[in-house]
Structure formats: structure tokens, C-alpha cells
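# Breakdown of the fold
Listed below are the residues making up each chain.
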Amino acid sequence: MNRNRKLSRVGKTIVSGLVVTSLVLGNGSMIQAEKVTKEESVYVNADADGDAEKITVSDWLKNAGINGTLKDKSELKDITNVKGDETFEQSGDGVNWNAGAQDIYYQGTTDKELPVSVKLVYELDGKEILPEELPEKSGALKIRVSYTNHSRVTKTIDGKKQKMYTPFFMATGLILPTDKFTNVEVDGGKVINEGSNNIVVGFGVPGMAESLDVSGELAEKFQEEFTVSADVKDFSIGNTFTYASASLLSDLDLEDSDTFEELEEKLETLTEASEELVDGTDSLSNGIEELEKKFDEYAKGEKDLNKGINTLAKSGKKLEKGVKEYVSGVNDLAEGTSSYVNGAKQITDGNKQLYQAVKDMPGSYKQFSEGIKQYTTAVDTLGEKKTGDALKAGAASVASGISTLHTNLSTLESTYDNYDQLVKGIQAQAAQCSDEVQKQTLLAYAEKLKELSEGQKNSVSALVKATGEESDLKKGADQVSGGVKQMVEGAQAISGKSASLRGADGKMSSSVSALTANIEKLKNGSDKLSQNDRKLLAGAKKLLKAGKSVKKGSRQLISGAGELKKGSRKLDKATGQVSDGIGKLGDGSQELLDGMKKFDREGIQEINRIYEDDFEGLKDRLSALLDISGEYTNFTGIGDGMDGEVKFIIETEEIGNEKEE
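Computed from a predicted model, the values in this text were never measured in an experiment.

## Remarks on the packing of helix 10 (residues 417–432) against helix 11 (residues 436–466)
- At their nearest, the axes of helix 10 and helix 11 sit 9 Å apart, and the two run at 170 degrees to each other. Taken as axis vectors, helix 10 and helix 11 run roughly antiparallel relative to one another. Both helix 10 and helix 11 take part in a crossing whose hand is left-handed. Contacts between helix 10 and helix 11 involve Asp417, Tyr419, Asp420, Leu422, Val423, Ile426, Gln427, Gln429 and Ala430 from the first element and Lys439, Leu442, Leu443, Tyr445, Ala446, Leu449, Lys450, Ser453 and Lys457 from the second.
- A breakdown of the residues in the contact of helix 10 with helix 11 according to their chemical character gives 10 nonpolar, three polar and five charged.

So this is what it looks like as C-alpha cells:
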């Protein structure tokens, strides 16, 4: 099996669920916007027992307005930039990225010992059995999942140095198909039946009881293992996924509780949040009932979906050709937008300079009228053919440039219809999705894409309107061009007929005032025109990135269309099974509700009781654990002054399933 593959769809679902579970228990770390932050994800490929075989680390450096070099530290080998073209220089554990203003996404490998590990032990009919001996076996099965914490830190508690464990929260997800596994139970976790699969999730906090120095029934509540039991027929099992994070306690934000009263308030908040979680689970149970009502509508739409899939499979080549043409058009559009922004800036700067040059002309002209000698000299200069022709040509060029700009913007505006089709396509795909998480993810993505395209389209539409023939900007430019022509011609006439200078002075004074006002309108209009240039340029860059994704996605879509067509034949049969599954999901949601009530009663409420009964000793140790949790920000290194957080995902190999090539 290819152990370097990406997580399967089901695997992603499990991992996402485990991550969400950890977020339910914490409120998320607060990141200072002005600091560079580093998010590290450690992906571990393990054998069926849980022993690590390969470790791949993905790092995300979140830029914070730094336009230059990001100085990071990393122990990784074979570092590669996975999302951009930015380069780096490495010396020892120093890694300096030439980031500009961009975020950096990079990946590498390590053989460093993990801070936590998971062990899976299998028993069949009461006897321990090796994973490789399990395929196609039947009988009474037990899977014991145990966690070990290898990360210890020395802290001073009540004047004495104590060894304490980094407070890792760990959760493991398993998928047990209902056609092979029956009577599935788990101690220290939850089983949810979603039709064709039993989804098992168990939890553990290894080392927590020892760190808090508790024993007896209280220590048992901080479990370090759980056991899954089931009756199995023809054993095989897919990958299991274990999530681990040390940020749970720091996320609770208890370190700022300097008094008993403050900590009590936050524990009360945690207690209330648990009660709200129970209420929310109750709402989930009610929502399942509504899902059952809506499923009949889905079954009807499923037949139309099959027809659409057949059409999609037949139209694959046309789609590929259209996508290529679209991406090519997007690239041309983005390049044209960049040229437009640069040209628009030059126009705006030129208009500002023109306005600065003429804004004082009315006052100067008045002084000129009062001093006929100076006035005559200025008119003679203005009346020179070379100067007049250049001024008229420049004003006419501005007016012509606005018309050209309007045409280009109109063309740009028409291209956004492609995004409407793309949004509808994603929404249609979401409507077909039976997995609620995936469905909501697709809908959120479609909404975000729609918001982006509508925002850009509105900006471009405003620019089209602002540069149209009837716009103040265009009218002002035309008036300026006409006024310049009139002024130059008048100046030339005056220069040739000095005797009639005084008679033309009144008309000239009026023309100069009008000219200055129109140039001011032209400047103000160009200022408004350029306000959205930055957004437009950013949008063009996003279009370029999106175009690459669309082109890649189209190839994957065409490649998968044949498989989708085959799968659609099975959809009718699966629809009935899903219908049964929804009913079971309703039962499962009720079980989840019961479980959450138990978690609230025996977990959160028990923590509150511990606080009330034995706060003094617990507070010091809890405070130390809070410090340890906040200090564990990375696995393979972090740059000076950076904030960080790290999570671990351990994937075990399949047992008995057909191996992937």
C-alpha cells in the first residue's frame, strides 16, 4: 500500500471529527495579529499495532504584514515549498524564507521521537492475536487502544521539583462496517451507527492523573486507554486515525485566574458550556427527525442526479476543452487587469499633476489681466503652435483613454458570468452529498466564491459606470478636451490680435474658471476610479490561483466521471440503505445525547466537585500544567518571537483490506 497517499475521504471525516471534538473542549487559542504564527501538523504513518514508520510534517507560517524575510527554525529534512515559489536559505536549524508578503506552506520529514504514541492490541475469543493473523477470522473481538505520554517537564510545586507530563488530549477513530462487525461496544468512548458503518471514537489523557497527583476513582476518570468489543465475521479493517494536541488546557485560558474567585467563574463557565453541549446534542437528535422527512425529497432528486452523471461522463471532453479556454481567458484577464491597474495609476497621477498645474490658474489669470504686459507675454507663449498642439493632444488622449478603459472594463465585467456557473455547479454537487459535513463545506465554499465574485463584479460594474459616456468622469474629460482646444485656439487668436486682447479677456477668464472646475472633476473622478484598484489586482491574483485549481480539478473530474457513472448505478440500492441508516442515525443521536449527559454528569460536573473539595493542591498542579500546555508550541522547531501550535495525526495501516497500489 502507498503509505504516502493523502487521507481517504472517510479518514478525513474521522480526523475532522476528532479535531472538532478537541475544539468543543477548548475555546481555541488566541493569536496576536501582529506576530508571525506557525501552525504545525505532524502526520504519522504507523503499522497496524501503532508503531510509527514514517513522519511527515507540514508547517504553515502565517505572515503578519512582513514584506521581506521570515526567519524560522526547523529540524526537518528534505524541506519543500508546497504552495508557492518562494525560496529559502537553510543553515543548521535556521530556515530563512524569502516570503515577501505571502504566507509560507512547507513540508519535510523527521525521525525524531514522538511525544505521544498509540498502541493497538487485538484479542480474538479471549486470546491475543497478531494483526497479520486476523484477516478473514471470525469470533469475539476486542481491540484495546492505549496511549503513552513520553513528554515530561520538571516544574516546582509547593517548593519541590516535580516531573509532570505535557497535557496531551488524544482521540482515536475507527470505522467498523456493519456487515462484518455487530454488537459493537466501547468503554471510554462512543459508538455511532450511520447505516453501513459503526463509527467508534475513544479518548484519553495519558499522564494527566499522575501530573495532578490524583488516585482511585478520580484517577480512573483521566483514562489512558479504551477497549472496543464486537462480534466479527471475516475480519478486515481500514485505517484508524488518532489525533493528539497539547493545547487543551491553554485553550481554557485559566492562566489569567489570579484568585480563587476568577478560577471558579471560569470553571462555572466550563460547566455551563457542558450543559449547553448537552442541549445542543438534544437539538441534534431533533434535527435527525427533520432529516428523515427531507430524505424522501432527496430520493426523488437522486434519479435526476443519475441522468446528470451520464451526461457529465459523455460531455467530459467538451468540459475539458471549455475549462482550458476558460483558464486561458482568466490568465489573459488577470494580465489585462494588471496592465489596467498600472495604466489607471498613471492616468490618476497625471490628472493630479494636471490639477495641481491649473488649480491656481483663475487667480493667476486675474493678475494677468491686471498686468497687460505680463499677460501678453504669457498669451504669446500659450499661443505657440507646438505648445498648443501638445496641450490639445494631451487632453484628447485623456478623454480617449477613459473610453478605452470603459471598453476594457465592460469586457472584464462580462467574464464574471463564468463564476456564477461555477458556484451553481458546486451547489449542485453539495445537494448531492449525503455527508452533512462535506455538504456544509461545499456550500460554504460556494458561498465564499459567490461573495468574492459578486464583490469583484460590483467593483468592476461601478468602474464601468464611472467611465461610461454619460459619466461625470467622461463628460468632464470631454469638456476638458473641448475647453483646452477652445483655450488654445483663443490664445492663438489673441496672440495674433493683441488689439482685441481686452475684448477677449472676459471670455477667456470665464473659460479658464470652467476649465479648472472640469479638471478638478476629472481628478476627483480618477481618484474614485483608482480606489478599487488594489482589490481588483488582488482579485486578479486570486483568479490566477483559482484558474490553476479549476484546470487541475477538471482533469480529476473527467478522470472520475467514469467511476462516478459506475457508482451511480449503485446509488439506487444505496439510497434505501441510507434511508435505513438515517433511522439508525436518529437512534445514534439519542445515544450520543445520553452519552453527553453522562459526560456532563460524570466528567465536567466532577471536575467542578474536585475544585470545591480539594482546590488548593489541584490549583498549583493545574497552573503548572497550564504553563506546560502553553509552552508546547512546536515539534520540530520555531522561529524566535513566533506564536505556534502543533497537532499530531497518527494513521495505522489497514488489516485485511485490498491494498492500494
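## A look at the pattern of salt bridges
- For the structure shown, the criterion picks out 10 salt bridges.
- Between Asp643 and Lys35 there is a salt bridge whose closest N-O contact spans 3.5 Å. On the criterion of sequence distance, the pair formed by Asp643 in strand 19 (residues 643–652) and Lys35 in the loop between helix 1 (9–25) and strand 1 (37–46) is long-range, its members being 608 residues apart.
- Of the charged contacts in the structure, one is a salt bridge between Glu75 and Lys112, with a shortest N-O distance of 3.8 Å. Placement of the pair is Glu75 in the loop between strand 3 (68–73) and strand 4 (77–81) and Lys112 in the loop between strand 7 (104–109) and strand 8 (116–124), with a sequence separation of 37 residues.
- The partly exposed category is assigned to Glu75, whose relative accessible area is 45%.

## Topic: the sheet that holds strand 1
- Read across the sheet, nine strands follow the order 4-7-2-1-19-18-13-16-15 without closing on themselves; strand pairing throughout is mixed. The open sheet terminates on both sides in strands that have one partner only, identified here as strand 4 and strand 15 (189–193). Direction aside, neighbouring strands of the sheet carry axes that sit 15 degrees apart on average.
- Bridge count between strand 13 (residues 169–177) and strand 16 (residues 197–204): eight bridges; the pairing is antiparallel. Following the sheet pairing, Leu176 is matched in strand 16 by Asn198.

## With respect to helix 11
- The terminal C-alpha atoms of helix 11, which comprises 31 residues, lie 44 Å apart, in line with the 45 Å expected from a rise of 1.5 Å per residue.
- The set of residues buried in helix 11 consists of Ala446, Leu449, Ser453, Gln456, Ser459, Val460, Leu463 and Val464.

## Focus: the pairing of strand 8
- Bridging between strand 8 and strand 10 (residues 139–149) involves nine bridges; their strand directions are antiparallel. For Leu120, the partnering residue across the bridge sits in strand 10 and is Val145.
- In this structure, strand 8 lies alongside strand 9 (residues 127–129), joined through three bridges in antiparallel fashion. Across the sheet, Tyr122 pairs through a bridge with Ile129, a residue of strand 9.
- In textbook terms, the turn of a hairpin is the stretch between consecutive antiparallel strands, and for strand 8 and strand 9 this stretch comprises two residues, one of which, Asp125, has a positive phi near 55 degrees.

## Side note on the confidence of the model for the chain
- In this model, the chain carries an average pLDDT of 76, and 60% of its residues clear a pLDDT of 70 or more.
- Below a pLDDT of 50 lies the segment residues 1–33, which in the model reaches 62 contacts outside its immediate sequence neighbourhood of four places, other chains included.

## Things to note about the nonpolar core
- Counting residues in hydrophobic clusters, the biggest one holds 53 residues, and the most contacted among them are Val42, Ile143, Val228 and Phe648.
- If you tally residues by element for this core, the top one is strand 8, at five residues.
- Dropping the residues within four chain positions of it, Phe648 is found in contact with Val42, Leu114, Pro115, Phe168, Thr242, Tyr243, Ala244, Tyr632 and Phe635.
- The next biggest cluster of nonpolar side chains, apart from the first, holds 17 residues, and it includes Ala209, Leu218, Phe222 and Leu618.

## Observations regarding the packing of aromatic side chains
- Inspection of the entire model under this criterion finds nine aromatic pairs.
- Ring centres 5.2 Å apart and planes at 75 degrees place the aromatic pair Phe168 and Tyr632 in the edge-to-face group. In this pair, Phe168 sits in the loop between strand 12 (160–165) and strand 13 while Tyr632 sits in the loop between helix 15 (615–631) and strand 19, placing the two residues 464 residues apart along the sequence. Side by side, Phe168 and Tyr632 carry an identical accessibility label, which is buried.
- In this arrangement the basic side chain of Lys112 is found over the ring face of Phe635, its NZ or CZ atom lying 5.0 Å from the centre.
- Of note, Arg152 hangs over the ring of Tyr165, and the distance from its end group to the ring centre comes to 4.6 Å.

What counts and what doesn't
Numbers given to residues run from 1 along each chain, matching the order in which its sequence is written. For a predicted model such as this one, the threshold for reporting local features is a pLDDT of at least 70, and the threshold for listing and counting side-chain atom pairs is 80 or more; totals across whole chains, interfaces and linings nevertheless cover every residue. As a rule here, side-chain values come from all non-hydrogen atoms in the structure, and water together with hydrogens is ignored. Axis definition: a line fitted to C-alpha atoms, limited for helices to the stretch in contact. Angles are taken between N-to-C directions and run from 0 to 180 degrees. The secondary structure listing takes helices from DSSP runs of H or I that are at least 4 residues long and strands from runs of E that are at least 2 residues long, numbered from the N terminus. In what follows, roughly perpendicular refers to angles from 65 to 115 degrees, roughly parallel to angles under 35, roughly antiparallel to angles over 145, and oblique to any angle outside these ranges. Each helix crossing is assigned a hand: it is left-handed if the near helix lies turned anticlockwise from the far helix by less than a right angle, otherwise right-handed if that turn is clockwise. Two residues qualify as a contact provided that any one of their heavy atoms is within 4.5 Å of a heavy atom in the partner residue. Residue polarity follows a fixed list, in which Ala, Val, Leu, Ile, Met, Phe, Trp, Tyr, Cys and Pro are nonpolar, Asp, Glu, Lys and Arg are charged, and the others, Gly among them, are polar. Salt bridge, as applied in this entry: a Lys or Arg side-chain nitrogen positioned within 4 Å of an Asp or Glu carboxyl oxygen. Relative accessibility decides the category of a residue: with a 1.4 Å probe and only protein chains considered, values under 20% of the type maximum give buried, values over 50% give exposed, and everything between is partly exposed. Any two strands with at least two DSSP-identified bridges between them are counted as paired. Under the convention used throughout, the expected extent of a helix is 1.5 Å for every residue step, that is, one less than its residue count. Per residue, pLDDT measures the predictor's confidence, with a range of 0 to 100. By nonpolar core we mean a set of buried residues, namely Ala, Val, Leu, Ile, Met, Phe, Trp, Tyr and Cys, connected to one another through side-chain atoms within 4.5 Å. A pair of aromatic rings is counted whenever rings of Phe, Tyr or Trp (Trp by its six-membered ring) have centres within 6.5 Å, and the orientation is called stacked for planes under 30 degrees apart, edge-to-face for over 60 and tilted otherwise. Charge-over-ring placement is defined geometrically: NZ (Lys) or CZ (Arg) within 6 Å of the ring centre, and within 35 degrees of the ring normal.

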